[in-house]
Amino acid sequence: MQDLNLQRKPETIAFLKQAVLHHECIQIVSALERCIKTYGLNEKGLMIAGETGLGKSTCVRIFKDKFNPPISETHTFQPVVVVVTPVNATVKSLSSALLKQLGCPKPDRGSADSMFLRITTLVEELETKIIIFDEIQHLSERNAQKKTLPVINFIKNLMTETHCPIVLVGMPDATELLKEPQLNRRFAKSIRLRPFRMKGEMITEDYTDEDLYLSFLHTISTIMPIKTINLQDINVARRLLAASQGKIAILINIFETLIENNNVGQVANLEDFSIAFRQIADHDIKHCPFLISTKKVELLYF
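Residues numbered from 1 in each chain as written. Predicted model: local features only at pLDDT ≥ 70, side-chain atom pairs only at ≥ 80, totals over all residues. Heavy atoms only, no water.

### Some points on the sheet that holds strand 1 (residues 46-49)
At step 1: Judged by pairing direction, the sheet is parallel, and its five strands sit side by side in the order 2-3-4-1-5 without closing on themselves. Of all the strands in the sheet, just strand 2 (80-84) and strand 5 (189-192) have a single pairing partner and so form its edges. Averaged over all neighbouring strand pairs, the angle between strand axes comes to 15°, with direction disregarded.
At step 2: Across four bridges, the pairing between strand 1 and strand 4 (residues 166-170) is parallel. Counterpart to Met47 in the pairing with strand 4 is Leu168.
At step 3: Relative to strand 2, helix 3 (residues 56-67) is tilted by about 150°, and along the sheet it contacts strand 1, strand 2, strand 3 (130-134) and strand 4.
At step 4: The strands touched by helix 4 (residues 91-101) are strand 2 and strand 3; relative to strand 2, the strand with the most contacts, the crossing angle is about 140°. (Pairing = 2+ DSSP bridges. Helix = DSSP H or I, 4+ residues; strand = E, 2+ residues; numbered from the N terminus. Axes fitted to C-alpha atoms, helices over the stretch in contact; angles between N-to-C directions. Contact = heavy atoms within 4.5 Å.)

### Let's talk about the pattern of salt bridges
At step 1: Going through the model one piece at a time under the given rule, you end up with seven salt bridges.
At step 2: Measuring nitrogen to oxygen at the nearest pair gives 3.9 Å for the salt bridge that ties Glu201 to Arg197.
At step 3: Look at Glu201 and you get partly exposed, because its relative accessible area is 38%.
At step 4: Each of the salt bridges in this network shares a partner with another, and the network as a whole consists of Arg197, Glu201 and Asp209. (Salt bridge = Lys/Arg side-chain N within 4 Å of Asp/Glu carboxyl O. Buried < 20%, exposed > 50% of the residue type's maximum accessible area, 1.4 Å probe, protein only.)

### Let's talk about the side chain of Glu33
At step 1: Mapped onto the elements of the fold, Glu33 is located in helix 2 (residues 23-36).
At step 2: Here the side chain of Glu33 touches Lys66 through a polar contact of 2.4 Å, side chain to side chain.
At step 3: Contact partners of Glu33, with chain neighbours within four places excluded, come to Phe63, Lys66 and Phe67. (Polar contact = N/O pair within 3.5 Å; in protein donor to acceptor, adjacent residues only side chain to side chain.)

### Thoughts on empty space enclosed by the protein
Gaps left between atoms show up when a probe the size of a water molecule is rolled over them.
At step 1: Overall, the coordinates contain one cavity of 30 Å³ or more when judged by the stated rule.
At step 2: As for the largest cavity, its lining consists of 13 residues, and the residues nearest its centre are His22, Glu24, Arg194, Pro195 and Phe196.
At step 3: Residue assignment for the lining of the largest cavity shows that the elements contributing at least two residues are helix 2 and helix 8 (209-223). (1 Å grid on protein atoms, 1.4 Å probe; cavity = no way out; pocket = protein on both sides within 12 Å on 5 of 7 lines; lining within 4 Å. Points joined across faces, edges and corners; volume = space filled by probe spheres on them.)

Bear in mind that shape data such as this cannot, by itself, settle questions of function.
So, in structure tokens, the structure goes:
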């Protein structure tokens, strides 16, 4: 039997382990830090919404890693608890998912009331200060509408009983949940993530969307373990934007594949980028943005 190397390159693993903090990620982590400070008194809810691939879960992970100490034999504190919302979530399925993250050995056992009591007890014992429900759009999907209101009441009661601020993270349509009066007054703040852009729009007092995107590419270039053409060159940056649709997850996937394909001493060019992009694309590429002319890139993608 042929001996296959099923491991990624060490350079690829090292690249993927580095968190790239861009402007919106910093803004979200800062908002989460403000949110956790409301624990215990007049706690505030927070909604984080955005299309898939924009880095919502990465921002949550960075925040969680910052506040949660490593679990050891002497303590299992969990200041930050992150729960993935089950598809078609009910009060019991969401309670079970939360209990599992809190370390309960039999998270699906008991009535909804007994599960809620175990949740509040564990939250106190683990000194939990904030609870984050990811993939919350599962509550607003069409086939979950009949179950939405009881779960919303559960979230409201959870915030009231534990005094923990609650964060809801999901797709843009998840913001529909905030129209419910039960949540609206408790979730005064909503953050919407958007893809990278190069429209010249002012995002901060000093920087445009293009500045922030190019700054992200500069950060990537400083941690890339292989040499590449200049990522901040406008021609290259626009091709990357076209290929990724401005989504950070696709950009990272392209860079990861590029590292896997190319040797450390080699300078990756547009042809190498096109190969990497074709390997990760989930559709047939009729006009690869790394191979067509600059004029055609502008015509087809912008």
